[in-house]
Amino acid sequence: MAKLDEIEIQERLKNLEGWEYIDDALQTTFEFKDFKETFSIMTRIAFECEAQNHHPEWSNVYNTLTIRLNTHDANGVTIKDFKLAQSIEDIIESD
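Just so it is clear, the structure is predicted and the values come from calculations on it, not from any experiment.

Details of the packing of helix H2 (residues 35–52) against helix H3 (residues 79–94)
Relative to each other, H2 and H3 sit at 145 degrees, their axes nearing to 10 Å. Classified by chirality, the crossing of H3 by H2 is right-handed. Residues Ile41, Arg44, Ile45, Glu48, Cys49 and Gln52 of H2 form the contact with H3, whose participating residues are Lys80, Lys83, Leu84, Ser87, Ile88, Ile91, Ile92 and Ser94. In the contact of H2 with H3, the residues fall into seven nonpolar, three polar and four charged.

Here it is, written out as C-alpha cells:
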C-alpha cells in the first residue's frame, strides 16, 4: 500500500472533521459521557479494526479516547488509515 503525500492527506482530511495530520499519522480525540461509554465505543472500534486487519495506536483516560492511525508497513498514512478513520466516525455517529 502506497504512502500518501501531505497534499493528498490534507485534501482527504477535509472529509474527516476533528482529525489532524500529526507526526506522520492521523490523530483525533473523542470525549464521551463516562468511562463505561468510552470503553463500549472502544470495543466496537476494536471489532472493526480486526475486520479491517488494521489497528490503531490509542489511549484512554476515563472519558477521553485518543486515536492515532498510520500504516507501519508504508511508514506513513495510506488509504487504509482513511478507511478506518471513516469507519470509526460511523461507529461513533451511530451511537
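A few points about the pairing of strand E3 (residues 57–61)
Pairing analysis gives five bridges linking E3 to strand E4 (residues 64–69), with the strands arranged antiparallel. Of the residues in E4, the one forming a bridge with Ser59 is Thr66. Remark: two residues form the turn of the hairpin made by E3 and E4, two consecutive strands paired antiparallel; Tyr62 in that turn has positive phi of roughly 50 degrees.

Details of the sheet that holds E3
Read from one edge to the other, the open sheet built from four strands follows the order E1-E2-E4-E3, with strand pairing classed as antiparallel. The sheet is open, and its two edges are formed by strand E1 (20–22) and E3, each paired on a single side. Neighbouring strand axes in the sheet, compared pairwise and without regard to direction, differ in orientation by 25 degrees on average. Two elements, E1 and strand E2 (residues 25–31), share three bridges in a ladder whose sense is antiparallel. Following the sheet pairing, Tyr21 is matched in E2 by Leu26. Lying over the sheet, helix H1 (residues 6–13) contacts E1 and E2, oriented at roughly 150 degrees with respect to E1. H3 contacts E2 and E4 of the sheet and is inclined by roughly 10 degrees relative to E2.

Quick notes on the rules
- Residues numbered from 1 in each chain as written.
- Predicted model: local features only at pLDDT ≥ 70, side-chain atom pairs only at ≥ 80, totals over all residues.
- Heavy atoms only, no water.
- Axes fitted to C-alpha atoms, helices over the stretch in contact; angles between N-to-C directions.
- Helix = DSSP H or I, 4+ residues; strand = E, 2+ residues; numbered from the N terminus.
- Left-handed = near helix turned anticlockwise from the far one by under 90°.
- Contact = heavy atoms within 4.5 Å.
- Nonpolar A, V, L, I, M, F, W, Y, C, P; charged D, E, K, R; others polar.
- Pairing = 2+ DSSP bridges.

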